Amino acid sequence: MSSSVLMLVLIVSIIFTGCSSKVKNEDTITERVETSDFVLEVTTTTVTGTGDTIKVKGTLKYTGSKPVEVTHGRPIIRFFFSGSDEERSYTDVGYYTEFKSGQVIEVEDKFMVTKKGKQNLYVDMTADIALTMEPIEILVK
């Protein structure tokens, strides 16, 4: 009986050891910049491999108390990734959004990774809001 239990524990531990070596270890980072009335947060992985797809999420939150109208392009948050050959087509002007206190806009994008080494994710606002974010470094293995 005890040898059966020991054998079962050994088999289960071998299975978990084998499975855990195949699990990707992706580091995730959230960068944040603020003005007096807006907060921009961008979340992405910081380590990936060639051929993978990275996902990026940007969140713009209005923290002011009075409604404000913002002129912008579409999408209001844009991402550019130096580790990809993909191009984006955007509308530069012509949109207006009236932000109310606590309002949140989320923009998600993804890129097929094609270049190795240290790459940069650039974040750009197409609005008349003064928010600038430093590039986020992503290591491509």
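Computed from a predicted model, the values in this text were never measured in an experiment.

### Some words on the overall build of the chain
When helices and strands are counted, the chain shows 1 helix and 9 strands. The buried share of the chain, taken over its 141 residues, is 34%. Sequence-distant contacts in the chain: of pairs separated by 6 or more residues, those separated by 24 or more amount to 66%. Of the accessible surface of the chain, which amounts to about 9,000 Å², a share of 53% is contributed by carbon and sulfur atoms.

### Description of the packing of aromatic side chains
On inspection of all chains with the given rule, the structure shows 5 aromatic pairs. Judged by centre distance (5.0 Å) and plane angle (50°), the rings of Phe38 and Tyr62 are tilted. One end of the pair, Phe38, is in strand S2 (residues 38–45); the other, Tyr62, is in strand S4 (residues 53–62), and 24 residues separate them in sequence. Assigned by exposure class, Phe38 and Tyr62 land together as buried. Between Tyr62 and Phe99, the ring centres sit 6.2 Å apart and the planes meet at 50°, which makes this aromatic pair tilted. With Tyr62 in strand S4 and Phe99 in strand S6 (residues 91–99), this residue pair connects regions lying 37 residues apart in the sequence. For the pair Tyr62 and Phe99, one class covers both residues: buried.

### Here we look at the nonpolar core
In this structure, Leu40 and Leu60 are the most contacted members of the largest nonpolar core, which totals 28 residues. Elements represented by at least two residues in this core include exactly S2, S4, strand S5 (68–81), strand S7 (104–112), strand S8 (117–127) and strand S9 (136–140). Considering each element in turn, this core owes the most residues, 5 residues, to S5. Ignoring any residue separated from it by four or fewer positions in sequence, one finds Leu40 in contact with Glu31, Arg32, Val33, Thr59, Leu60, Ile77, Val123, Met125, Leu131 and Met133.

### Points about the sheet that holds S8
If you walk across this open sheet you meet the 5 strands as S3-S9-S8-S5-S6, and the pairing is mixed. What marks the edges here is a single partner per strand, and that holds for strand S3 (47–48) and S6. Here 6 bridges tie S5 to S8, and the two strands are oriented antiparallel to one another. Paired with Phe80 across the bridge in S8 is Tyr122.

About the thresholds
Residues numbered from 1 in each chain as written. Predicted model: local features only at pLDDT ≥ 70, side-chain atom pairs only at ≥ 80, totals over all residues. Heavy atoms only, no water. Helix = DSSP H or I, 4+ residues; strand = E, 2+ residues; numbered from the N terminus. Buried < 20%, exposed > 50% of the residue type's maximum accessible area, 1.4 Å probe, protein only. Contact = heavy atoms within 4.5 Å. Areas by Shrake-Rupley, 256 points an atom, 1.4 Å probe, with all protein chains shown as cover. Phe/Tyr/Trp six-rings, centres within 6.5 Å; stacked < 30°, edge-to-face > 60°. Core = buried A, V, L, I, M, F, W, Y, C linked by side-chain atoms within 4.5 Å. Pairing = 2+ DSSP bridges.

Function-wise, these values are silent; they only describe arrangement.
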